[in-house]
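Chain and residue survey
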Amino acid sequence: MDFKLSNILVLQTVARFRKAVACLFFASLLAYTTALFSQSTTNSASSNTFTNTATWSSPSNVTGTATILDGQTVTIPANINQVYSNKIIFSGTGKLALAGTTSKWVPATNRNGNPPYESFSFATNWSASSSWGNVAFGTNLYIPWIDSGTSWSAGSALNYTDYLQYDLKSPRWIQGIISQGRGDWPQWVSSAKVQVSTDNVNWATASEGLTLNSDQHTKVYTNFPNVMFGRYVRVIPMAVYGHPSMRLGILLRDDVMKSCNEIKTNFPNATSGVYVIDPDGAGSTPGTACYCDMDTDGGGWTLVLNYLHAGNTNPALVVKTNTLPLQGSTSLGTDESASSTNWGNVSNAYLRTFTFSELRFYGKTTAHARVIHFKTSHTNTMNYFKNGTGSMIGISTAGNYTTLAGHSAYLPNSAGNYFSDQGNASMTEFPFWLNSTYHWGIRGQTYRWEVDDFPNNSAYSTHHQIWIR
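For every chain, the first residue of its written sequence is number 1, and the numbers climb from 1 along that sequence. Local features in this predicted model are restricted to residues of pLDDT 70 or higher, and side-chain atom pairs are both shown and tallied only at a pLDDT of 80 or more, whereas totals for entire chains, interfaces and linings draw on every residue. Note that water and hydrogens are dropped before the side-chain values are worked out from all heavy atoms of the structure.

**Details of helix α4 (residues 379–387)**
It helps to recall that an α-helix has 3.6 residues per turn; residues three or four apart then point in one direction. Where α4 is concerned, the buried positions are Thr381, Met382, Tyr384 and Phe385. Buried positions in α4, seen along its axis, are confined to an arc of 165° and lie on one side of it. A positive backbone phi angle near 80° is found at glycine 388, which sits one or two residues after α4. Only protein chains enter the accessibility calculation, which uses a 1.4 Å probe. A residue is then buried if its area is under 20% of the maximum for its type, exposed if over 50%, and partly exposed in between. Think of it this way: any DSSP run of H or I at least four residues long counts as a helix, any run of E at least two long counts as a strand, and we number them from the N terminus. Picture the helix axis, draw a direction to every C-beta atom, and the arc is the one those directions span.

**Examining the state of the cysteines**
The disulfide definition used here is simple: a pair of cysteine sulfur atoms within 2.5 Å. Per the counting criterion, the structure on display carries 1 disulfide. Each sulfur of the disulfide joining cysteine 260 and cysteine 292 lies 2.0 Å from the other. With the S-S dihedral at roughly -75°, the linkage between cysteine 260 and cysteine 292 falls on the left-handed side. Here cysteine 260, found in helix α2 (residues 260–266), pairs with cysteine 292, found in strand β18 (residues 288–293); they are 32 residues apart in sequence, far enough to count as distant. Neither cysteine 260 nor cysteine 292 differs from the other in exposure class; each is buried. As a non-bridged cysteine, cysteine 290 has cysteine 292 as the owner of its nearest cysteine sulfur, 3.6 Å distant.

**Remarks on the nonpolar core**
Looking at soluble globular proteins, one finds that nonpolar side chains tend to be buried together. Definition of nonpolar core: a set of buried residues of the types Ala, Val, Leu, Ile, Met, Phe, Trp, Tyr and Cys, connected through side-chain atoms within 4.5 Å. Phe361, Phe385, Phe432 and Ile466 are the most contacted members of the largest nonpolar core, which totals 48 residues. With residues up to four places along the chain from it excluded, the contact list for phenylalanine 432 reads Phe361, Phe374, Met392, Ile395, Leu411, Pro412, Ala415, Asn417, Tyr418, His439 and Trp440. Core analysis: the second largest hydrophobic core is formed by 37 residues, Tyr166, Ala204, Leu210 and Val274 among them. In this analysis, two residues are considered to be in contact whenever any of their non-hydrogen atoms come within 4.5 Å of each other.

**Concerning the packing of aromatic side chains**
To describe a pair of aromatic rings, you give the distance between the ring centres and the angle between the ring planes. Ring pairs shown here join Phe, Tyr and Trp side chains whose ring centres sit within 6.5 Å, with only the six-membered ring taken for Trp; geometry is labelled stacked below 30 degrees between planes, edge-to-face above 60, and tilted in between. Inspection of the entire model under this criterion finds 23 aromatic pairs. Between the aromatic rings of tryptophan 343 and tryptophan 449, the centroid separation amounts to 6.0 Å while the plane-to-plane angle is 45°, which identifies the pairing as tilted. Remark: tryptophan 449 occurs in strand β27 (residues 448–453) and tryptophan 343 occurs in the loop between β20 (319–320) and β21 (344–346); sequence separation between them is 106 residues. You can call tryptophan 343 buried: its relative accessible area is 1%. On the basis of an interplanar angle of 80° and a centroid distance of 5.6 Å, the ring pair of phenylalanine 419 and tryptophan 433 is categorised as edge-to-face. Within this pair, whereas phenylalanine 419 is found in the loop between β24 (402–403) and β25 (433–434), its partner tryptophan 433 is found in strand β25, the two being separated by 14 residues in sequence. Taking the relative accessible area as the measure of exposure, phenylalanine 419 reaches 22% and is therefore partly exposed.

Here's what the structure looks like:
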């Protein structure tokens, strides 16, 4: 019997996995027995028996207690380093094939003693069955993230059906939740049922009754009985003090990944949005929130420069030394200069902590309809942005850039001039342009905002972005 399981290896990342195809999984189980109907979603608490003589490619097929029958092979893809499961039973020639040289099985009860957690303040990560007074997200009593001033409060008294839900944006191995009570009033959830799902349709129960908070402010870290796999986490209050009110975060089993590209590689169905990454892994650079474009040109792009500038304004630029700018609005005319999260560009030194081989430029303006949109692996450009010395000279040469969807600009093809040695302003201070004609400038010479044009002022609204992959 080919049973290649070895010792536990603590991953740097949130676990590798192709998203479970729940419908296909359910159909194959139903052919065996209708009693397994409730196991149609991925989880580490259930017992799954595989009956078809076929090769399965998803680690969801071995979560929980799995029975791999005679003639059945469950293949774990090479990019999956760890698979969490309680027990695997082999019958006859049943096999578990680990395609990766470092892939290992880990008991689902093995948890991270210092787990990272995620609890973003972005509306796209959250949903709820109701909110007190039917208020909108981000206002009054629908402020659900950890350490917020208030909390999420359910629309009614405890009814055992109201819930608060978080979307991780891609399936991950999850070991528990972190919770707080309401920040401005003595209300909290003392016990909750928690469910997880890969598709927001089929749900598996992580726990029927986790013991949570006993006061307003203490952060309570609570592990599930078993490591679970899912994208969505739903918390249903079962016992409360005063009213169902809570702040929520998700405890991840493994350390965060280094880039959006690493997330996309390991979770091909990951969607665009905000993630936590750690550019140097276990190194000295801390993890940070980032905006990942998981759609353009195959996805996996990490945003490192974002300036959405309103016409007839001339705000100062912001150089970020240990955080990344996040994408907010993309509508021309919006002024994001006051945003500490959306406005800025990384420093040369911080960019060097990231591993990447491509840059992507995007720019548009109200001055005309042309759009700059291209990617490049041009060595001079990469080194210039990392070190602040040198220039982008050569970017206009055929083969040094690739235009992407929507590109209609004259740059970079027409570029004939290049500022050099601009340090942390290497991305902003006219890195490529054609004299008095087509420019890329972000507060260039302290007052010029230009996208494939030469207004020589800040009169027009502009949007400049640079991404890495």
